[in-house]
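Single-letter residue listing:
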Amino acid sequence: MRGRSFVGVGLAIGVAVGAGVGLAIDNLPIGLAIGVVAGVLVGLVGDARDRRRDRRGDGDGGHVSDGGGSSGGRSKDAQDQDSGSDGGSDGGGGDGGGGGD
């Protein structure tokens, strides 16, 4: 969820729940304060989980990859094959270079 934050969502839900709790205990300011604090905490936890998931690469985070970059979106194995690396079985690789006259 790049560029977005869960804090706003958590805050909105926290205020709504806090208002309900405040009315139930007949003390609206205390209920709202508890709701704001709980909402911000829930939002921060959601943001931290989202950042950790993006850093590990478990989720796409809502991003669509365009395959850009120097590798053109290919895997490392495909890059190695193009560069002439064959894993060392014959020590070869590359084009062989030029020749003499």
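In what follows, the structure referred to is the one given above.
Quick summary incoming for the structure in this document.

Conventions we followed
Throughout, residues of each chain are indexed from 1 in the direction in which the sequence is written. Local features in a predicted model are, by the rule used here, given only for residues with pLDDT of at least 70; side-chain atom pairs are given and counted only at 80 or more, and totals for whole chains, interfaces and linings are based on all residues. Side-chain metrics rest on all non-hydrogen atoms present in the structure, leaving aside hydrogens and water. The way it works is that DSSP assigns letters per residue, a run of H or I at least four long becomes a helix, a run of E at least two long becomes a strand, and they are numbered from the N terminus. Here's how the labels work: a residue is buried when its accessible area is under 20% of the maximum for its type, exposed when over 50%, partly exposed in between, all with a 1.4 Å probe on protein chains only. Only heavy atoms matter for contacts: two residues are in contact if any of them lie within 4.5 Å across the pair. Accessible surface area values rest on a Shrake-Rupley calculation with a 1.4 Å probe, where residue burial reflects the displayed protein chains alone. In a helix, the anticipated span is given by 1.5 Å times the number of residues less one. Each direction from the helix axis to a C-beta atom contributes to the arc, which is the arc of those directions. Only the contacting stretch of a helix is used when fitting its axis, a line to C-alpha atoms as for every element, and angles between N-to-C directions run 0 to 180 degrees. Geometric relationships in this document are graded by angle, where less than 35 degrees denotes roughly parallel, more than 145 denotes roughly antiparallel, 65 to 115 denotes roughly perpendicular, and other angles denote oblique. Left-handed is the label given to a crossing in which the near helix is rotated counterclockwise from the far helix by less than a right angle, and right-handed is the label when the rotation is clockwise. The term salt bridge refers to a side-chain nitrogen of Lys or Arg lying within 4 Å of a carboxyl oxygen of Asp or Glu.

**A look at the overall build of the chain**
Move 1: The number of helices and strands found in the chain is three helices and zero strands.
Move 2: Reading the chain from its N terminus to its C terminus gives the helix and strand order α-α-α.
Move 3: Within the chain, buried positions represent 13% of all 101 residues.
Move 4: Pairs at least 24 apart in sequence give 44% of the contacts found in the chain among residues at least 6 apart.
Move 5: Taken as a whole, the chain presents about 7600 Å² of accessible surface, with 55% of it coming from carbon and sulfur.

**A word on helix α1 (residues 7-24)**
Move 1: With 18 residues, α1 should cover 26 Å at 1.5 Å per step; its first-to-last C-alpha distance of 25 Å lies within 8% of that length.
Move 2: Within the sequence span of α1, burial applies to G10, G14, G18 and G22. One face of α1 carries all of its buried residues, which in axial projection span an arc of 90 degrees. Of the exposed residues in α1, those oriented more than 90 degrees away from the buried face are I13, A16, V17, L23 and A24.

**Structural notes on helix α2 (residues 28-56)**
Move 1: Compared with an ideal rise of 1.5 Å per residue, which puts 29 residues at 42 Å, α2 spans 42 Å between its outermost C-alpha atoms and is within 8% of the ideal.
Move 2: Of the residues making up α2, those classed as buried are G31, G35, G39, G43, G46, D47 and D50.
Move 3: Residues of α2 that are buried make contact with α1.
Move 4: Just past α2, the residue G57 takes up positive phi, approximately 85 degrees.

**Let's talk about the packing of α1 against α2**
Move 1: Across the interface, α1 lies against α2 with an axial gap of 6 Å and an inter-helix angle of 155 degrees. Here α1 lies roughly antiparallel to α2, going by the angle between them. Read as a crossing pair, α1 and α2 show a hand that is right-handed. Where α1 approaches α2, its residues V7, G10, L11, G14, V15, G18, A19, G22 and L23 are matched on the opposing element by L28, G31, L32, G35, V36, G39, V40, G43, L44 and D47.

**Section: the side chain of D47**
Move 1: Position of D47 relative to the elements: it lies in helix α2.
Move 2: Those residues within four positions of D47 in sequence are excluded, and the remaining contacts are R4, S5, F6 and V7.

**Considerations on unusual backbone geometry**
Move 1: A positive phi is found at D26, a non-glycine position, where the angle reads about 65 degrees.
Move 2: Examined against the element boundaries, D26 turns out to sit in the loop between α1 and α2.

**Here's the deal with the pattern of salt bridges**
Move 1: Counted by the stated rule, this structure contains one salt bridge.
Move 2: Notably, a salt bridge pairs R53 with D50, separated by 2.6 Å at the nearest N-O pair. Note that R53 and D50 are positioned in helix α2 at a spacing of three residues, about one turn of the helix.
Move 3: Assessed through its relative accessible area of 35%, R53 is described here as partly exposed.

Functional significance is not addressed by these values, which are geometric in nature.
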